[in-house]
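# Summary of structural features
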Amino acid sequence: MRRYFHKAAQALTALAVATGMLTIPFASARASTWQPNEDDALLFDVRVGQWRVGEGVRGYQTDSGVCVDFADVIIAFDLPVRVDKKSRRATGWLFEESRTFTLDRESNTVQIVNKSAPVAANAIRDVPEGWCVDTKVLASWLNVEVKADLSNALLIISADRKLPFELAEERKARAGKVRPTKAFDLASLPQARDPYKMFRTPSVDVVASVSAARDQRSGRRLDARYEIYASGEVAGASFDARLSSDDRGVPENLRMRAYRTDPDGGLLGPLKATHWALGDVSTNVTPLGIQTTAGRGAFVTNRPLNRPDSFDRTVFRGELPNGWDAELYRNEQLIGYVQSRGDGRYEFLDVPLLYGQNRFEVVLYGPQGQIRRDVKMIPVGLGSIPPRETYYWAGVQDAGRDLINLDGVDPNDYLGWRGGFGVERGLDPKTSVAASFVSAVLRGQRNYYLEGSVRRAIGPTLVELASAANLVGGYALRGQVLAQVGETLISGESAWLLGGYESERYDRDVRRFNSLSVDHSFRFGRHYLPIRAEVRYIDRIDGGHRLEVESRLSFNIKKINASAELDWVKDQSPFGISPDARLDASLRLSGRIGGLRLRGEATVGLTGDSGFRESKITAEWRAGEKSDWKVEAGYSNGDSRGRLALGHTRRFKHFALTGQVEAASDGSVAAGLNLAFSIGPNPHDGGMRFASEKLASTGQAFAVVFQDENADGIRQPGEAVQKEVELTAGLSARGPPTDAEGRTILDGLQPYEPVLIGIDASSLPDPFVQPATSGIVVTPRPGVPVVIELPLVSAGEISGQLQREGGKILSGLDIELVDKNGRVVKTTRSEYDGFFLFEFVPYGRYSLRIAALAANVVGVEMTLPSVAYLGKDSGSVDLGIVTARATQRVAGLAPPAQGP
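Predicted, not measured: the structure shown is a model, and the values here were computed from it. (Residues numbered from 1 in each chain as written. Predicted model: local features only at pLDDT ≥ 70, side-chain atom pairs only at ≥ 80, totals over all residues. Heavy atoms only, no water.)

## What about the overall build of the chain?
Counting its secondary structure elements, the chain contains six helices and 58 strands. Put simply, of all contacts in the chain between residues at least 6 apart along the chain, 52% involve residues at least 24 apart. Summed over its atoms, the accessible surface of the chain is roughly 44,300 Å², and 56% of this surface lies on carbon and sulfur atoms. (Helix = DSSP H or I, 4+ residues; strand = E, 2+ residues; numbered from the N terminus. Contact = heavy atoms within 4.5 Å. Areas by Shrake-Rupley, 256 points an atom, 1.4 Å probe, with all protein chains shown as cover.)

In C-alpha cells form, the structure reads like this:
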C-alpha cells in the first residue's frame, strides 16, 4: 500500500473521531433517520495479524455503530464477489469455494451456502460510495471478528483460522527469505558454540518387534527382534553404538564408534583433519584396487566431507533400522531403492557421477510413517579439483567384522584385515595428482596395491589416467573422461588388466573393460524427460566376452517420480554354444497422488528367461494427525506367490506403534507388532524425555523465546517469555509453537550441517514486537541437544523523504536498512514524492543506504548520512529529508576544479 495513503488515513480518522465524539450524544435522537455526511466519514487501514490488507476501506460512524463500504472490502480481500448495483444483487463466495454467497437487496435476504436469512433494517445503508455494511453483519458473513479501532483508524480482522490472504502473504514472505540465499553467509550470523564435553547423556532410539507366522514352506514360527541405537559424547568425542538381536531376541551384533567431524579441518592439530573415527568405520575406494567396506578399525582424513572417493563414482552408506527402506535420487531422478537387510545399514555402491553439480538425496522411510532426508551436493568439474592443496586419508580395518560379533562372523562377509593410505595434490586449478597404497586380502591371498593417477580439466571435460601395480603380480591401466557437450553429459572408461592382475574393482577373469554412457534431457514445453544410456563391453581372459546395454528413462507425472529401465546382456562363450541374449525391463515409481504416497517396482523378462518376475507396490496415507495406514501388495513368479499386507500406525506423544497383518496366496499368514520410541536428555529440567521421533541419529535444538527488555541479547531474571511462537530451521523446516514457558524443541536436524534457527515473525501476535536478530546458527551433532535463547524486542518505524543534492525528489529507489553489525534487515522503496517507511523495525541503531543497482542507475552514492535510533523513548523516528550525494565523476571527464 502506498505510504502516503496511510498518513492520510490517520489524519482523516483523527478529524472524523474528533467530530464524531461531538455527535455521539445526539445519535440516539437521530435513530434510524441517520443520513451520511462528511463529519461521519471514516477511512480505515485493514489489519489481519501483522499484515496490512488492501489500499484502505471507506466507512461511516452511524447511529448504531460503524459500517464499511462493501466494494472496498471485496477489493481489499480480493473476494470473488460480483456486485450488480442495477439488479441490487451480490453473488460469489467468501474465502472458500464451498461458502457461496448471495445478497439480494430487493428481497432483503442473504444466503450463505444453503442457509438463507433476512437482512436487518440498518444492516446495509446506501451511501454515496455504495453499500455500507455494518461491521457486525460483515463479521457474520465472513465468519470472522471485525473490530473498528477509531483512535488508530484501523479495521482489525481476526479469525480462528488463517485466511487466504494471510497464507498468501506468508508464502511471499518465505519466498522473500529464499531469494537472497545465494549470497546468504551463515558465518556472519550469531553462532551457538557447543563445545564437546567429557560425557553427555546419550539419546537412544529403540525399535522392537514381535511377529508370528504360519508359512506353508517353513512352518510355524514366532520371532522377536530389537534394535537399540545410541549416540552422545564421551571423552571429548561423539560416539554411537548399535545393538541388534536375532529372530529369537538374543543379542547378535554390537557396533560402536567414537569420532569427530569438523568441515573446517580443525582436528588433530597439525593433521588438520576433517574426520577421524575409531571402532566401526568405512574405508575409501581406490581407482583400480579396492571397494569401500565396513568393519572395525580406525580412519582419518582431511578431505572435504562432500568429496567423492573415486573419479566418476561415489558411495552412500548409512544406518537403516529394521523395517525401513531407502531411495536414492540424483538431480531429482529416482535411481536406486533398497530395503532393510538385517545388518542395520543401507548401501548404494558405485553410484555414477555426472559432469557438473550432482545433487543426491537419500530418503529413508520408516514403518511408522517416518521420513528422513539426507541431501549431499557433489560437484564434478573444474571447481572439484583443489588448487595447491593436499588431501590425505589413512585407515586400517578388519573388514566385515563388527566391533563385537556376539553371534560369530559369517565367512561370506568376512574379508580380513586391510589397511592403507592415500594422498592427492592439486598442482594448479586444472590439474591434480594422486597416489595410494593398500594391503587387502582377496580370495584368501594378501595383495598389495600401489596406485597413481593424474587428473586434468580441459574445458568442460575432466580426464583421468590411472595405473596400478599388484606387488604380488600384475598391473592395470585405466583412462576415464567426464564431459558436457551442450546439454548432453558423457562418461567413458577403458581399463586394461595385464599380467594376471585382479582386484575388488573388477572380476578376476576380466582382461579389458570398456564403457560409455550418455545422459540427456529432452525438453517438451515446460517439462524435461531425462534419458540415460550406457554400453559396457567386457573382454575375458578365456577369450569370451560380454556386451551389456542399459538404458533408463526418468519422468514425472503429477508428483509421481518414475524410472523405467531396460537391461540387455549378451554373452559370447569361447567354447560351444553361447547362451541367448537376455533383455529385462523394470519400473520403479515413488510419489504422491493427493494424500496417497505410492512406491512400487516391477521386473519383467522380455527375452531369454522371459516372463513376469516380481512386483511390489506400497500405498500409504494419513488418516489423521497421528494415524497412518499402509497397504502393500506383491507377487513373485519364482515361487508363484502373491502377498497382501495391511498395516496401521498410531503415533503417540512418547512412542509409535505399528500393527501389520499379512496373507499370501498359498495360505501363509503372518501378523506383527512394532514399537518405536526414543529417549533423550531434556536440558530444560535436567531429566529425560520420551519421543516418537528418532533422537539418536539426528540433531536437536532446545530454544527459549523471551522478551529482551534491555536489548542485550541475554535473558535476565524477570524478562518474560513468549508463548505460541513458531521457529524456523533453515529455509523450510518449522518447529512446534513455544509452550507456556516460552520453550520449544526442534528435532530431526541434519548433523554437522549449519542451520539458522530463527523466529517466524508471522507467528508473533503483536506486529510491534519483532525478533532482535535473524536467528542463531547451530551446527547439530547427533543425539546431542543444543540450547539457544532467541530474544524478542519491541519494534517501531523509520520514515523520511529521499532526495538528491539540489532538492530533486528520488522516487522508486530501493533503500536498505542496515543494523550495527552491517547486515541488511529490511528493504523498502521510495514513493513518488520520495517518502519511504520501514515498519516493524526492532529497537536499535540503524543506518541507511541505497541499493547498489539503484544507486548506480541514478548516479548517487550508496551511503546515506542519516542514522536512526529506535527505543522506548523513540518508537517512531521521522528522519525528515534525507539527501543522497552525487557520485564522483570519473577523472578526465569532469571539468577541472577552480582555484579560490
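And the narrative resumes.
## Observations concerning unusual backbone geometry
The backbone of Arg 88 sits at a positive phi, close to 55°, despite the residue not being glycine. Following the sequence through the fold, Arg 88 ends up in the loop between β4 (81-84) and β5 (89-93). A relative accessible area of 24% places Arg 88 in the partly exposed class. Look at Phe 840: it is not a glycine, yet its phi comes out positive at around 55°. Within the fold, Phe 840 resides in strand β55 (residues 835-842). The class for Phe 840 is buried, based on a relative accessible area of 12%. (Buried < 20%, exposed > 50% of the residue type's maximum accessible area, 1.4 Å probe, protein only.)

## Observations concerning the sheet that holds strand β21 (residues 333-339)
Read across the sheet, four strands follow the order β21-β20-β23-β24 without closing on themselves; strand pairing throughout is antiparallel. The open sheet has two edge strands with one neighbour each: β21 and β24 (371-380). Averaged over all pairs of adjacent strands, the angle between strand axes in this sheet comes to 15°, irrespective of strand direction. Bridging between strand β20 (residues 325-330) and strand β23 (residues 356-365) involves six bridges; their strand directions are antiparallel. By the bridge assignment for β23, Glu 327 is matched with Val 363. (Pairing = 2+ DSSP bridges. Axes fitted to C-alpha atoms, helices over the stretch in contact; angles between N-to-C directions.)

## Observations concerning the packing of aromatic side chains
Counted under the stated rule, the structure contains 16 aromatic pairs. Seen in terms of ring centroids, Trp 34 and Tyr 60 are 5.9 Å apart; in terms of plane orientation they differ by 70°. Their pairing is edge-to-face. Residue Trp 34 is found in the loop between α2 (27-30) and β1 (41-48), and its partner Tyr 60 is found in strand β2 (residues 51-62); the two are separated by 26 residues along the sequence. Considering the side-chain rings of Phe 677 and Phe 690, the 6.4 Å spacing of their centres and the 40° angle between planes classify their relative orientation as tilted. Of this pair, Phe 677 sits in strand β43 (residues 669-682) while Phe 690 sits in strand β44 (residues 687-691), and the two are 13 residues apart along the sequence. One aromatic cluster is present, formed by Phe 70, Phe 101 and Trp 141 through successive ring pairs. Sitting over the ring of Trp 131, Arg 105 keeps its end group 5.1 Å from the ring centre. (Phe/Tyr/Trp six-rings, centres within 6.5 Å; stacked < 30°, edge-to-face > 60°. Lys NZ or Arg CZ within 6 Å of the ring centre and 35° of its normal.)

## Describing a nonpolar patch on the surface
A cluster of nonpolar side chains, namely Val 210, Leu 222, Phe 652, Phe 655, Leu 657 and Leu 673, defines an oily patch on the protein surface of about 510 Å² accessible area. Of the residues examined, Leu 657 reaches a relative accessible area of 30% and is grouped as partly exposed. (Patch = residues over 30% accessible without salt bridge, like charges linked within 9 Å, V, L, I, M, F, W, Y side chains within 5 Å. Salt bridge = Lys/Arg side-chain N within 4 Å of Asp/Glu carboxyl O.)

## A word on helix α4 (residues 135-142)
Listed as buried for α4 are Thr 135, Leu 138, Ala 139, Trp 141 and Leu 142. The buried residues of α4 all sit within an arc of 160° when viewed along its axis, so they share a single face. The opening residue of α4, the one whose side-chain oxygen lies 2.9 Å from the backbone nitrogen of Lys 136, is Asp 134. Count one or two residues on from α4 and you reach Asn 143, which has phi positive near 60°. (Arc of directions from axis to C-beta. Polar contact = N/O pair within 3.5 Å; in protein donor to acceptor, adjacent residues only side chain to side chain.)

## Observations regarding the nonpolar core
Core analysis: the biggest nonpolar cluster contains 38 residues, and Phe 70, Phe 77, Phe 101, Leu 103, Trp 141 and Ile 157 have the highest contact counts within it. In terms of residues, this core owes the most to one element, helix α3 (residues 70-77), which gives five residues. Residues in contact with Ile 157, not counting those within four places in the same chain, are Val 46, Arg 47, Val 48, Gly 49, Phe 77, Val 144, Glu 145, Val 146 and Leu 163. (Core = buried A, V, L, I, M, F, W, Y, C linked by side-chain atoms within 4.5 Å.)

## What to know about the pairing of strand β8 (residues 115-118)
Here strand β7 (residues 109-112) runs beside β8; their pairing, made up of four bridges, is antiparallel. Bridge pairing links Val 110 to Ala 117 in β8. Connecting β7 to the next strand, β8, in antiparallel fashion are two residues, including Val 113 with a positive phi near 60°.

## With respect to the confidence of the model for the chain
When pLDDT is low, close inspection of the predicted coordinates is not appropriate. Here the chain averages 83 in pLDDT, while 89% of its residues score no lower than 70. Low pLDDT, under 50, characterises residues 175-183; the stretch is placed with three contacts to residues that sit more than four places away or in other chains. This model gives residues 890-900 a pLDDT under 50, and the stretch forms two contacts once residues within four places in sequence are excluded. (pLDDT = per-residue confidence, 0-100.)

## Re the pattern of salt bridges
As enumerated under the stated definition, the model contains 60 salt bridges in all. Its salt-bridge partner being Asp 240, residue Arg 257 comes within 2.7 Å of it at the nearest N-O pair. Note that Arg 257 is positioned in strand β16 (residues 251-261) and Asp 240 in strand β15 (residues 237-245), a separation of 17 residues in sequence. Classification of Arg 257 by relative accessible area gives partly exposed; the value is 24%. The salt bridge partner of Glu 424 is Arg 303, with a shortest N-O separation of 3.4 Å. Residue Glu 424 is found in strand β27 (residues 416-428), and its partner Arg 303 is found in the loop between β18 (294-301) and β19 (313-319); the two are separated by 121 residues along the sequence. Since its relative accessible area comes to 8%, Arg 303 is described here as buried. One network of salt bridges, with partners in common, ties together Arg 330, Asp 509, Asp 519, Arg 532, Glu 534, Arg 536, Arg 540, Arg 546, Glu 548, Glu 550 and Asp 571.

## Considering the pairing of strand β31 (residues 475-485)
Pairing analysis gives nine bridges linking strand β30 (residues 461-470) to β31, with the strands arranged antiparallel. Residue pairing for β31: Ala 469 is matched across the bridge by Tyr 475. Where β30 folds back on β31, the antiparallel hairpin that results is connected by four residues, among which Gly 473 adopts a positive phi of roughly 155°. Here β31 runs beside strand β32 (residues 488-498); their pairing, made up of 11 bridges, is antiparallel. Residue pairing across strands places Arg 478 opposite Ala 495, the latter belonging to β32. In textbook terms, the turn of a hairpin is the stretch between consecutive antiparallel strands, and for β31 and β32 this stretch comprises two residues, one of which, Gly 486, has a positive phi near 65°.

## Quick notes on the sheet that holds β7
In spatial order, the strands read β4-β5-β6-β7-β8; together these five strands make up an open sheet with antiparallel pairing. Two strands lie at the open edges of the sheet, namely β4 and β8, each paired on one side alone. Neighbour to neighbour, the strand axes of the sheet diverge by 10° on average, direction disregarded.

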